[in-house]
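If you want the building blocks of each chain, they are given just below.
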Amino acid sequence: MVEQRHFGVWDYVVFSLMLAVSAAIGIFYGCRGSKQKTTKEFLMANRSMSIVPVAISILVSFMSAILILGTPAEMYTAGTEYFVYLGGIILAIIIAAQVFVPLLYPLKLTSSFEYLELRFNSKWAKLTGTLILIVQQILYMGIASFAPSTALEAVTGFPVWATIIIVGLVSTFYTTLGGMKAVVWTDVFQSVVMLAGLLAIVIEGVSRVGGMATVWQINYDWERINFFDFNPDPTQRHSFWSLVVGGMVGWTATYGCNQASVQRYCALRSVQKAKISVMLNILGVTVLLTITCLTGIIIFAYYVKQGCDPFTTGIVDNSNQIIPYFVMEVLNFPGLPGLFISCLFSGALSTMSSCLNALAAVTWEDFLKPFLGHRLTEGQKTWVTKLLVLVFGGAGIGMAFMAQGLGGTVLQASLSFTGAASGPVLGLFLLGGLFPWANGNGAIVGGLLGLFFPLWISIGAYNLPAAPYTLPFPTNSCVAPNISMTTMAMTTASGITLDVLSSTTPALPYEASGIELLYTVSYLWYPSIGAATVIIVGLIVSFATGPMNIDEIDPKYLIPLFDRLFCCLPASWRRTLRCKKEFPRPEDIRAGDDSDVYDSEFVVPTTDEKPSQQPFTVMATDVYPNGKGPLTSYDSLGGKDVGNDAVSTENMSNGTYKYTTHL
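The following paragraphs examine the structure supplied in this document. (Residues numbered from 1 in each chain as written. Predicted model: local features only at pLDDT ≥ 70, side-chain atom pairs only at ≥ 80, totals over all residues. Heavy atoms only, no water.)

## Examining the overall build of the protein
For the record, the criterion: Under the DSSP-based scheme used, a helix requires at least four consecutive residues in state H or I and a strand at least two consecutive residues in state E, with every element numbered from the N terminus. Buried residues are those whose accessible area, probed at 1.4 Å on protein chains only, stays under 20% of the maximum for their type, while exposed residues exceed 50% and partly exposed ones sit between those limits. Contact definition: two residues touch when any of their heavy atoms are within 4.5 Å. Using the Shrake-Rupley algorithm and a 1.4 Å probe, accessible areas are obtained, with residue cover drawn only from the displayed protein chains.
A tally of regular secondary structure across the protein gives 22 helices and eight strands. Residues counted as buried form 59% of the 663 residues belonging to the protein. The contacts in the protein between residues at least 6 apart in sequence include a share of 80% that link residues at least 24 apart. Just so you have it, the protein exposes about 25600 Å², and 64% of that area is on carbon and sulfur atoms.

## Let's talk about helix α3 (residues 51-62)
For clarity, the threshold we go by: Given a helix with a known number of residues, its expected span is that number minus one, times 1.5 Å.
Taking 1.5 Å of rise per residue, 12 residues should cover 16 Å, and α3 covers 18 Å from first to last C-alpha, within 8% of that figure. Most of α3 sits inside the fold, with nine of its 12 residues counted as buried. Against the buried residues of α3 lie α8 (160-209), α10 (240-257), α11 (259-265), α12 (271-279), α13 (281-306) and α15 (336-372).

## Thoughts on the side chain of serine 353
Keep this limit in mind: A 3.5 Å cut-off defines polar contacts: any pair of N or O atoms within that distance qualifies, except that in protein one atom must be a possible hydrogen donor and the other a possible acceptor, and neighbouring residues in sequence count only when both atoms are side-chain atoms.
Inspection of the secondary structure puts serine 353 in helix α15. Judged by its relative accessible area of 0%, serine 353 is buried. One polar contact links the side chain of serine 353 to the main-chain carbonyl oxygen of serine 350, over a distance of 3.2 Å. Beyond its immediate sequence surroundings of up to four residues, serine 353 is in contact with Ser171, Tyr174, Thr175, Val183 and Asp187.

## A look at the packing of helix α1 (residues 9-31) against α8
Note the threshold: A fitted line through C-alpha atoms serves as each axis, taken over the contacting stretch for helices, and the angle formed by two N-to-C directions is quoted from 0 to 180°. Throughout, the term roughly parallel applies to angles under 35 degrees, roughly antiparallel to angles over 145, roughly perpendicular to angles from 65 to 115, and oblique to all others.
As a packed pair, α1 and α8 sit with axes 7 Å apart at the nearest point and diverge in direction by 105°. When the interaxial angle is binned, α1 and α8 end up roughly perpendicular.

## Structural notes on the nonpolar core
Our working rule: Throughout this description, the term nonpolar core refers to a set of buried Ala, Val, Leu, Ile, Met, Phe, Trp, Tyr and Cys residues connected via side-chain atoms within 4.5 Å.
Core analysis: the largest hydrophobic core is formed by 163 residues, its most contacted members being Tyr115, Tyr255, Tyr265 and Phe345. Here this core takes 17 residues from α15, the largest share from any one element. The contacts of tyrosine 265, once residues within four sequence positions are left out, are Val54, Ile58, Phe100, Val101, Leu104, Tyr105, Tyr255, Gly256, Ala274, Ser277 and Val278.

## As for the environment of leucine 565
Here leucine 565 is to be found in helix α21 (residues 561-565). Among the residues examined, leucine 565 registers a relative accessible area of 32% and is labelled partly exposed. C-alpha separation for the pair leucine 565 and valine 99, spaced 466 residues apart in sequence, amounts to 7.5 Å. Those residues within four positions of leucine 565 in sequence are excluded, and the remaining contacts are Gln98 and Val99.

If you want it as structure tokens, here you go:
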């Protein structure tokens, strides 16, 4: 039974301040400048964001409260092997920056799935990907809100319904008001809160144990220091291969072609800046994953010194409650428990707002814009996208309450869906980018089967008895009766384990046979299975229904893989490997005629006319993707937003002035 501890006044002050600042950022961007009056500003921040905020936003969009609870719990119960997962994430970030950013950024997309329509010349191919994303994101929003709430209620008494309502309403509020800019800047603020909360646990924990050397030695003595297991068995839950290779495939989908990621790096001014924003996640992921992994082994060392593990003795109901329990027991300073709860809520808010922004973008661009785009004014279009945020916010809250009442098996199946969906989405983009013969029929059939197959495996896996934890736990000084616990694990899209069921009866090893052997495959291979299914089935169907002619495909929709990843190879080799086909540089690609004005800088020839309040006229032919370039007027006020554009002036010190327009 979990011992409940309650908040003090300062805890509520810190927690309320975090929520108030998040809401205030939304109000600020809702009232500032052009006040989110265009869909381009609301969904894409006028493609004028800065590198560092976007990099942080991409990072925390996928590092939710589940990371804060689940990673330390994994390290606590299963040892340090999970840290190898960092290698797979880093490889995925590099691939995403070098392969997918140059593919998608130049197309100036709002919805990442617009690429599928452009490449396959098929609206149904686009809608296949969009529908997978919508269902996945609604489920994940509900789970991201619900997952931390049970741990908080059990340990602190903070009610589940309050967590769900607060996360849903606050994130919906600031996303609706401030759009992409509010989402990005609240992510920046919330990342600071998350980091502060985790550092507080690490610093105080190390102090209580007696230093990092002691922490490491205790974990070594208790058989928890084990990083590399090269067993190639795909049914082993964690191994070097599943953590690095399987993790790489899953996170390549996340960083490379997930809507939340694409929407952010396409909000920057150049492809080079987009690459940098993704690459900076290597630093961010390394810091966050290292801190959360350290948290797990520090807390374990603390309870070894106490002589009583709260998990196996039943003091807490499952491993996700270990960290809140530790915080309420050890961080007994006014405001620090509130800081930790703010840390958890920040993780949930960042995930929820990113999902809302992404869902509004794909629903408008892929479903509504083709029918309503020409009938509505720009202001009306923006209100429609804001209404979509409200609708999906309500759907996320509803899903969280449904998750509360669904129970183990269905909830696990929902989480499995969010994990299984990343593989087929990656498969669709690879099918289009690497195989010019693939057609729309192959994309549709491959996408659906690529979703069904890993989902079927994951649901089947939860019908098998879960393997018990094998590492020892300290119980020699426990006051509570020693209870042998067996925990069933469910896995999120990010690979974090959440314990949802427990039993006082130890489980014996289960010998699977027949079709059940397929269900024993490690969850880390699900994205790889999904992606491979899409590609294999997609190619078979494409050749069966008439493959596309390679000369019919615009090279900007294809991926010159060897040029992007193996640029050190001799040019003649790379030309042979890409079938002697020439590909344009990403910097030279312009979006189609129906896209937004290409973001660039256009320098007006210097003039002796001083900056004034009067508008001036420039010829901007080169920066328009359609080459028409009508005369356009711009205000000469330096740095002032003028519609969707900005203009700056510079005194050239020779009696002339240079005007630069950022389109």
